[in-house]
Amino acid sequence: MLDLKRIREFPEDIRTAIGNKNERGDIDAVLDVDRRRREIIAEVEQLKNTRNVVSQEIARAKKSGEDASARIEEMKGVSDTIKQMDDELRACEEQLRGLLLLLPNTCHPSVPVGRSDADNVEIRSWIPEHSVGLNEEAEYRLLDHLELGKKLGILDFDRGAKLSGSGFPLYTGDGATLERALINFMIDVHRREHGYREVFPPFVVNSDSMYGTGQLPKMTEDMYRCADDDLYLIPTAEVPITNMYRDDILDTEQVPSYFCGYSACFRREAGSYGKQTKGFLRVHQFNKVELVKFVRPEQSYDELESLVVHVENILRLLSIPYRVRLLCTGDTSFSSAKTYDLEVWAPAEKAWLEASSCSNFEDFQARRANIRWRPDGPKSKPEFVHTLNGSGLATSRLMVALLENYQTPEGTVIVPKALHPYTGFTVID
RNA sequence: GGAGAGGUGGGUGAGUGGCUGAAACCAACGGUUUGCUAAACCGUCAUAGUGGGAAACUGCUAUCGAGGGUUCGAAUCCCUCCCUCUCCGCCA
């Protein structure tokens, strides 16, 4: 949610910023409703003041045995008017909130203005020595992850589809173990090396939580919902972890706080059939380790840089080629002010696959979820924190890159060294 | 699923129609005292909206789980909903 005062003060800037994001938002409506709202407030509060004062007089009069019936009669009318105006005010505020919830975050000035993926900017890349197929052809035909999965008996998309539908992967044997190893490995690195506190969140949340991080009201179509209980399956652990502190005021020393957590992630991916749907490239359920930070506003951009480095570190430890891209305004998501994507190289696909997205939301989510802190000790006035998160990382795309990069000419897959303590085996054959 | 209890400020917890934005205690913060630590004492100690002011600050309004009702006036009475806890049943 954007700051209403800021919209009042700089409506043109906001309009431009929203346009740059390929979004729309009715700034005029916001300003109109807000003006109307403040008019009503001025009037109704005057009346309430009168009512309070006169009620005191009535109390006093009654105590001393005077007749107060004239004033009581008068206040009946005042109360009725107040009731009407309160209704009108509530309607205004609901309308205003509805409008504000639909406005996207604005991008940071360092984000390049652009319309699509083509305008994203590569920041850096990292290619380990053993990599094949990035610039040169491999000496043998590379199998893609589907072929490898089938050949090695570690992925069974057909049976996954039988159980749940397409896009619900089934891992079997060493594939299941490898998946679990990846998750544990990543969490351990983040908690041991990078200073994140581990949480294991619920995988379903209520609608307040979904509003808090910005999935609702715009992304309704993309979420699985348990209608009987009005609960939603989380699309990312970002939702429960960020909402841990919804409606809270954090102490000075609680900021910054860093959390990492595993969750299964559920996405309906409505309307995306036909693109890149094979195997792991687009699924309805996947596993992800998420990083979430609650930080001091003035440090949030430094925190974004370190967040990206933490994710990169996982890929380096696994020795998987990747590149970091800064998303342009048009490609930056609704809630984000600045986003870096990390893409892993899949040599058989000959494609970069998005495996992580690291974003600074500034105070956009904090404002929606009402997450504040006291910047300067217990007496100081609460301010909104800045929130950030990044996938650290999603295993589905990572698994594709891992299998394809670590395959041998014989069609087996070497397990990266870093995972050996977690798998207990060093090769999948 | 059945039965019951309860939701008040950072915490505990008083408060059944007006003098209660809310006692008291604890925690926290500032200070006094004190060889040091501790103790004692004094003071401060919610949030939001809206207006005035350059600002420090200040007026008003709202808020005792949420919403509605009764009333001149509601933390307090009535209704609906939500949540938490306990016991029983069922189950991993």
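Our subject is the structure listed above.
Keep in mind the model is a prediction, meaning the values are calculated, not measured.

Asks: I'd love a proper account of the pairing of strand S10 (residues 338–346), names of residues and values included.
Replies: In terms of residue burial, S10 counts as a mostly covered element, since nine of its nine residues are buried. Of the two faces of S10, both are covered, the one formed by Lys338, Tyr340, Leu342, Val344 and Ala346 as well as the one formed by Thr339, Asp341, Glu343 and Trp345. Bridge analysis of S10 against strand S11 (residues 351–360) gives nine bridges, and the strand direction is antiparallel. Note on S11: the bridge partner recorded for Lys338 is Asn360. Hairpin geometry of S10 and S11 is characterised by an intervening segment of four residues between the two adjacent antiparallel strands and by a positive phi of about 50° at Lys350.

Asks: Please provide a residue-by-residue account of the sheet that holds strand S4 (residues 225–226), values included.
Replies: Across the sheet, which stays open at both edges, the three strands sit in the order S3-S5-S4 with antiparallel pairing between neighbours. The strands lining the two open edges of the sheet, one partner per strand, are strand S3 (204–206) and S4. Across two bridges, S4 lies against strand S5 (residues 231–233) in antiparallel orientation. The residue of S5 that forms the bridge with Cys226 is Leu231.

Asks: Pulling in residues and values, what's your account of the protein's contact with RNA strand B?
Replies: Taken together, 26 residues surround RNA strand B, and among them Arg37, Asn49, Ser79, Arg372 and Arg374 come closest. When atoms of RNA strand B within 4 Å of the protein are sorted by moiety, sugar and phosphate together comprise 76%. Contact between RNA strand B and Lys83: a phosphate oxygen at 3.4 Å from a side-chain N or O atom of the residue. In this structure, Arg90 approaches RNA strand B through a side-chain N or O atom, which is 2.9 Å from a phosphate oxygen. Mapped by element, the contributors of at least two residues to the surface near RNA strand B are helix H3 (27–63) and helix H4 (69–102). Among the elements that take part in the surface near RNA strand B, H3 stands out by supplying 13 residues, more than any other. Within the surface near RNA strand B, the residues separate by chemical class into seven nonpolar, four polar and 15 charged.

Asks: Residues and numbers for the environment of Ile154, please.
Replies: If you trace the backbone, Ile154 turns up in the loop between helix H5 (145–152) and helix H6 (157–163). With residues up to four places along the chain from it excluded, the contact list for Ile154 reads Leu148, Gly149, Leu170, Tyr171, Thr172, Asp174, Gly175, Leu403 and Ile428.

Asks: Kindly report on the pattern of salt bridges, identifying the contributing residues and their values.
Replies: Going through the model one piece at a time under the given rule, you end up with 33 salt bridges. A salt bridge links Lys76 to Glu73; the shortest N-O distance between them is 3.8 Å. Here Glu73 and Lys76 lie together in helix H4, a separation of three residues that amounts to about one turn. A salt bridge links Asp158 to Lys150, with the nearest nitrogen and oxygen atoms 3.9 Å apart.

Asks: So what about the packing of helix H7 (residues 174–192) against helix H12 (residues 395–405)? Which residues, and what values?
Replies: Here H7 crosses H12 at 115°, and the two axes come no closer than 11 Å. Taken together, the axes of H7 and H12 lie roughly perpendicular to each other. In this structure, the crossing between H7 and H12 has a hand that is right-handed. Contacts between H7 and H12 involve Gly175, Leu178, Glu179, Leu182, Ile183 and Met186 from the former and Thr395, Leu398, Met399, Leu402 and Leu403 from the latter. Here the contact of H7 with H12 is composed, by residue class, of eight nonpolar, two polar and one charged.

Asks: Account for H3, with residues named and values stated.
Replies: Between its terminal C-alpha atoms H3 stretches 53 Å, which fits the 54 Å expected from 37 residues at 1.5 Å a residue. If you check which residues of H3 are buried, you get Ile27, Ala29, Val30, Leu31, Val33, Asp34, Arg37, Ile40, Val44, Val54, Ile58 and Ala61. The opening residue of H3, the one whose side-chain oxygen lies 3.4 Å from the backbone nitrogen of Asp28, is Asp26. One or two positions beyond H3, positive phi appears at Gly65, with a value near 80°.

Asks: Tell me about unusual backbone geometry, and please be specific about residues and values.
Replies: Residue Pro256 is bonded to the preceding Val255 through a cis peptide linkage, with omega at 5°. Positionally, Pro256 belongs in the loop between strand S6 (249–250) and strand S7 (257–266). Note the cis peptide between Gly392 and Leu393, where omega equals 0°. Following the sequence through the fold, Leu393 ends up in strand S14 (residues 386–394). The residue Ser319 is not glycine, and still its phi comes out positive at about 60°. Within the fold, Ser319 resides in the loop between helix H10 (300–318) and strand S9 (322–326). Notably, Lys350 is not glycine yet its phi reads approximately 50°, a positive angle. Its place among the elements puts Lys350 in the loop between S10 and S11.

Reading the values: rules and limits
- Counting restarts for each chain: residues are numbered from 1 in the order of the written sequence.
- Here the convention is simple: chains get letters from A, ligands get numbers from 1, in the order in which they are written.
- Given that the model is predicted, a residue must reach a pLDDT of at least 70 before its local features are reported, and side-chain atom pairs must reach 80 or more before they are shown or counted; all residues, however, enter totals for whole chains, interfaces and linings.
- Excluded from the side-chain calculation are hydrogens and water; included are all heavy atoms of the structure.
- Relative accessibility under 20% of the residue-type maximum defines a buried residue, over 50% an exposed one, and the middle range a partly exposed one, all with a 1.4 Å probe and only protein chains included.
- Comment: elements are numbered from the N terminus, with helices defined as DSSP H or I runs of at least four residues and strands as E runs of at least two.
- For two strands to be treated as a pair, DSSP must find no fewer than two bridges joining them.
- Any residue with at least one heavy atom within 4 Å of a molecule or strand is counted as near it.
- Polar contacts here mean pairs of N or O atoms no more than 3.5 Å apart (in protein, one a potential hydrogen donor and the other a potential acceptor; neighbouring residues in sequence count only if both atoms are side-chain atoms).
- Classes in brief: Ala, Val, Leu, Ile, Met, Phe, Trp, Tyr, Cys and Pro nonpolar; Asp, Glu, Lys and Arg charged; the others, Gly included, polar.
- Should any heavy atoms of two residues lie within 4.5 Å, those residues are considered in contact.
- The working definition used for a salt bridge is a side-chain nitrogen of Lys or Arg within 4 Å of a carboxyl oxygen of Asp or Glu.
- Note on geometry: axes are lines fitted to C-alpha atoms, helical ones only across the stretch in contact, with angles between N-to-C directions running from 0 to 180 degrees.
- Our angle categories are set so that under 35 degrees counts as roughly parallel, over 145 as roughly antiparallel, 65 to 115 as roughly perpendicular, and the remainder as oblique.
- When the near helix sits turned anticlockwise from the far one by under a right angle, the crossing is termed left-handed; a clockwise turn instead gives a right-handed crossing.
- Multiplying one less than the number of residues by 1.5 Å gives the expected span of a helix.

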